[in-house]
Amino acid sequence: EPEVTQTPSHQVTQMGQEVILRCVPISNHLYFYWYRQILGQKVEFLVSFYNNEISEKSEIFDDQFSVERPDGSNFTLKIRSTKLEDSAMYFCASSRDSHNQPQHFGDGTRLSIL
Amino acid sequence: QKEVEQNSGPLSVPEGAIASLNCTYSDRGSQSFFWYRQYSGKSPELIMSIYSNGDKEDGRFTAQLNKASQYVSLLIRDSQPSDSATYLCAVMGKGAGSYQLTFGKGTKLSVIP
């Protein structure tokens with residue numbers, strides 16, 4: 001069964017550094033998403049992406065964050081200047097359609113900011 | 001602010017019993033409803049999706065939706081120890097631009113052998 005793949009599985013970064021989290025969505029999916037989950041808290045929506053542009057973003061997704069689809073397969077989340085509170089699990093998801101089709105999640109990247 | 005509320009649990013049931021998980025949501029315009037299972041330290045895994053009022057069954061799982069009451073539930077029959085996990089209710093609604101999936105905090109289920 002096709003899967004969403006995310007790399008790396010764990011990223012340790014010094015505060016203030018830039019970090020790029022990578023995702024390969026399921027190949028025939030058109031909509032891509034990033035979520036984060038701070039330890040012990042709920043899964044929070046960050047951003048959705050369709051047709052090479054952001055279609056929706058949350059209040060969390062401020063100017064420090066950006067997303068990109070640099071080629072036909074990868075989907076990346078960049079955090080420009082990391083803060084301690086950015087430490088979380090970051091999940092990438094994809095769906096065939098925006099609001100009716102279920103979103104399938106990758107295994108996540110655990111981001112630890114020191 | 002769209003809210004999805006779940007009882008955090010833990011909900012403990014004996015093996016073989018029925019586990020009943022509940023969820024309410026605030027956005028009356030919500031269109032699609034999902035249940036995900038999340039094992040500790042793992043990613044959410046889709047269990048069920050439901051779009052219209054009534055029941056939807058898939059194996060040991062039954063999802064129930066009542067849009068008038070803004071209520072979604074998940075029943076797990078013949079509960080197994082491997083069902084022990086946190087169950088996340090997720091609701092798709094319209095954001096400022098496009099659609100946005102909002103998660104509840106999850107209900108932790110423990111199935112006792």
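Because the structure is predicted, anything quoted here is derived from the model rather than measured.

Attention shifts here to the confidence of the model for chain B. Looking at chain B as a whole, the pLDDT averages 94, with 100% of positions reaching at least 70. Within chain B, no element has a lower average pLDDT than strand β10 (residues 99-103) of chain B, which sits at 90, and none a higher one than strand β7 (residues 61-66) of chain B, at 98.

Another aspect to go through is the sheet that holds strand β3 (residues 19-24) of chain A. Residues and elements named next belong to chain A. The four strands lie next to each other as β1-β3-β8-β7, forming an open sheet whose pairing is antiparallel. Bordering the open sheet on either side are β1 (5-7) and β7 (65-68), each of which pairs with just one other strand. In this sheet, neighbouring strand axes are inclined to one another by 20° on average, regardless of whether the strands run parallel or antiparallel.

What follows concerns the nonpolar core. Formed by 23 residues in total, the largest nonpolar core has its most connected members in Trp35, Val72, Leu74, Ile76 and Tyr87 of chain B. Of all the elements in the fold, those that place two or more residues in this core are β3 (19-25), β4 (32-38), β5 (45-50), β7, β8 (71-76), β9 (85-94) and β11 (107-112) of chain B. Membership of the second largest hydrophobic core comes to 21 residues, among which are Cys23, Leu77, Tyr90 and Leu111 of chain A.

Residues and elements named next belong to chain B. Taken together, the five strands give an open sheet; going across it, the order is β1-β3-β8-β7-β6, and neighbouring strands pair in antiparallel fashion. Every interior strand has two partners, whereas the edge strands, β1 (4-6) and β6 (54-58), have only one. Neighbour-to-neighbour, the strand axes of this sheet turn through a mean angle of 20°, independent of strand direction. When β3 meets β8, the two strands line up antiparallel, connected through six bridges. Looking across to β8, one finds that Ser20 is bridged to Leu75.

What counts, and at which threshold
- Residues numbered from 1 in each chain as written.
- Chains lettered and ligands numbered in written order.
- Predicted model: local features only at pLDDT ≥ 70, side-chain atom pairs only at ≥ 80, totals over all residues.
- Heavy atoms only, no water.
- pLDDT = per-residue confidence, 0-100.
- Helix = DSSP H or I, 4+ residues; strand = E, 2+ residues; numbered from the N terminus.
- Pairing = 2+ DSSP bridges.
- Axes fitted to C-alpha atoms, helices over the stretch in contact; angles between N-to-C directions.
- Core = buried A, V, L, I, M, F, W, Y, C linked by side-chain atoms within 4.5 Å.
- Buried < 20%, exposed > 50% of the residue type's maximum accessible area, 1.4 Å probe, protein only.

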